[in-house]
Amino acid sequence: MKLQIGENIRVLRKEKGITQEKLAELLGVTSQAVSRWESGAGYPDMDQLPGLASLLEVSMDTLLGYDGTVEKQNRLVLEISAMIGRGEREEGIRSAREALEMYPANSSLALMLAVLLFSGEAADKELEEVVHLCQRVLMKTGGRNSDKIITALAAKNLLIPALVRLNRREDAIEDASLMPALTMTRDFTLPMVLTGAEKQEYLLSQMPLPVIMLNNIYVNGYHYPEPIPADRDGLTALSKGISNCTLEECLRQLTVWDTVYAGLPPEADAERELDSVYVYLFLHTRAAKLLAEEERYEEALVHLERSVRGTLRPASEKRFHPFNMGIISSAARKDCGVDLPEAILKDPARLFGKYIETGYFDAFENAPEAVRNRERELLYSITEKTKTE
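Residues numbered from 1 in each chain as written. Predicted model: local features only at pLDDT ≥ 70, side-chain atom pairs only at ≥ 80, totals over all residues. Heavy atoms only, no water.

**Some remarks on the overall build of the protein**
Phase 1: Looking only at helices and strands, one finds 22 helices and 0 strands in the protein.
Phase 2: Per-residue burial for the protein yields a buried fraction of 37% across its 389 residues.
Phase 3: Put simply, of all contacts in the protein between residues at least 6 apart along the chain, 60% involve residues at least 24 apart.
Phase 4: Here the protein has roughly 23100 Å² of accessible surface; of this, 56% comes from carbon and sulfur atoms. (Helix = DSSP H or I, 4+ residues; strand = E, 2+ residues; numbered from the N terminus. Buried < 20%, exposed > 50% of the residue type's maximum accessible area, 1.4 Å probe, protein only. Contact = heavy atoms within 4.5 Å. Areas by Shrake-Rupley, 256 points an atom, 1.4 Å probe, with all protein chains shown as cover.)

What follows is the structure, encoded as structure tokens:
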């Protein structure tokens, strides 16, 4: 490979508006040395190349004039990825090292080498290299707390559903396929680092989110495998909100909630945790309404009792979940027909009272007397609670 480094240094230096003298000062060499490089009379030392590339803000490949096509690099990435999938650790490490020697600025290759080194029984020396490689990738992408990474992911999260709404499904699939895997998220990795009570508390605080995702994305996704046209509100079956759930959907989602939380030990107080999740309580509320409409009054009463019991639990005993407010506001606007003040949205009992006022439970009117009396008792306990606050 014929090196064009001298010419490259001259062109890049001028593009940056840096004189030979200034470049020499920054590198700790003489201006005569820089002049020899640019004239082709000599080359920089190997240990000077990284600093030179950094100052000129280019990759080592560009500095050396090496023409490595994106297509070839992508092909190497795919080949090494396939080795990872087949469990070919040693062969993958060798190929990744060779590829990185040719394309040292390629972050994907660096990351794949790190994955291969980390797999299996990695020795301390290999783990140190993993840390070095990952830090190198982070530096290239903007650092550990890079706003660029967060901004890019936020843009993707908006881009993909927009493409779906435009029926550009192939583009949406392509972009979604390049998103990070679930196992790369904070909520997956942080519990592996935390220990003891701190770990348990974090898991309880985050548990509702994966359950919501499990219901809305995976379970509902399985039941609705084909694209469903958006309704007049621009909502699909997978994002239409809990106010539009059918009875089947309510009962299905409640089964997932109860099954997941049934795995908690007694000291975790699963009922208290579920009482803190508005989605869970509202699914019981809506199930009660829909069952009463089908005249399945005894079943409806069971769900109404569970919803009221959770609603009446003191706020001091509940866990605060920030995502509750958005769901509450959306559901209340749909069910009560008005935008409710924030003070009501933050008070479960007063919010429940608004549902009573708007006739949400009118289907119980034709229930047997015993059921009707119990329903009145439950709703009365809500209205009395609002009077005392």
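**Details of the packing of aromatic side chains**
Phase 1: With the rule as written, the count across this model stands at 8 aromatic pairs.
Phase 2: When the ring of Y278 is compared with that of F282, the centres are 5.9 Å apart and the planes differ by 25°; the resulting orientation is stacked. Here the residue Y278 and the residue F282 both occupy positions in helix α17 (residues 278-293), the gap between them amounting to 4 residues, near one helical turn. The same class applies to Y278 and to F282, which are both buried.
Phase 3: Centre to centre, the rings of F352 and F361 are 5.5 Å apart; their planes meet at 10°, and the pair counts as stacked.
Phase 4: For F352, a relative accessible area of 6% puts it in the buried group. (Phe/Tyr/Trp six-rings, centres within 6.5 Å; stacked < 30°, edge-to-face > 60°.)

**Quick notes on the confidence of the model for the protein**
Detailed conclusions should not be drawn from predicted coordinates in areas where pLDDT is low.
Phase 1: Per-residue confidence for the protein gives a mean pLDDT of 82, with 86% of residues at or over 70.
Phase 2: Confidence drops under pLDDT 50 across residues 229-239; counting only partners more than four residues distant or on other chains, this segment forms 14 contacts. (pLDDT = per-residue confidence, 0-100.)

**Some thoughts on the environment of A349**
Phase 1: Counting through the fold element by element, A349 comes out in helix α21 (residues 348-357).
Phase 2: A C-alpha to C-alpha distance of 9.9 Å links A349 and K387, two positions 38 residues apart in sequence.
Phase 3: The contacts of A349, once residues within four sequence positions are left out, are T311, I382, K385 and T386.

**Description of the packing of helix α13 (residues 196-206) against helix α14 (residues 208-223)**
Phase 1: Orientation of α13 relative to α14, taken along the N-to-C sense of each, is 35°, at an axis distance of 5 Å. Mapping the contact onto sequence places L204, S205 and Q206 in α13 and P208, L209 and P210 in α14.
Phase 2: Looking at side-chain class alone, the contact of α13 with α14 contains 4 nonpolar, 2 polar and no charged residues. (Axes fitted to C-alpha atoms, helices over the stretch in contact; angles between N-to-C directions. Nonpolar A, V, L, I, M, F, W, Y, C, P; charged D, E, K, R; others polar.)

**Overview of the pattern of salt bridges**
Phase 1: By the definition in use, this model includes 25 salt bridges.
Phase 2: Taking the shortest distance from any N to any O, the salt bridge between R89 and E126 comes out at 3.1 Å. You can see R89 sitting in helix α7 (residues 89-102) and its partner E126 sitting in helix α9 (residues 124-141), a full 37 residues away along the chain.
Phase 3: Linked through salt bridges whose partners overlap, the residues forming this network are E201, R272, E273 and R319. (Salt bridge = Lys/Arg side-chain N within 4 Å of Asp/Glu carboxyl O.)

**Considering the nonpolar core**
Phase 1: If you look at the biggest cluster of nonpolar residues, it comprises 50 residues, and the most contacted ones within it are W257, Y278, L304, L351, Y355 and F361.
Phase 2: Within the residue set of this core, elements represented by two or more residues are α14, α15 (247-261), α17, α18 (297-312), α19 (323-336), α20 (342-345), α21 and α22 (369-387).
Phase 3: Among the elements that take part in this core, α17 stands out by supplying 11 residues, more than any other.
Phase 4: Listed in part, the 18 residues of the second largest apolar core include I93, L100, L109 and A110. (Core = buried A, V, L, I, M, F, W, Y, C linked by side-chain atoms within 4.5 Å.)

**Let's talk about the side chain of T285**
Phase 1: Here T285 is to be found in helix α17.
Phase 2: We classify T285 as buried; its relative accessible area is 6%.
Phase 3: Among the polar contacts listed, one links the side chain of T285 to the side chain of S307, at a separation of 2.5 Å.
Phase 4: Each residue touching T285, except ones within four places of it in the same chain, is listed here: S307, F352, Y360 and F361. (Polar contact = N/O pair within 3.5 Å; in protein donor to acceptor, adjacent residues only side chain to side chain.)

**A short note on helix α8 (residues 107-118)**
Phase 1: Under the 1.5 Å per step criterion, the end-to-end length of α8 is 16 Å for 12 residues, consistent within 8% with the ideal 16 Å.
Phase 2: At the N-terminal end of α8, a side-chain oxygen is found 3.0 Å from the backbone nitrogen of S108, two or three residues along, and the residue is N106. (Expected span 1.5 Å × (residues − 1).)

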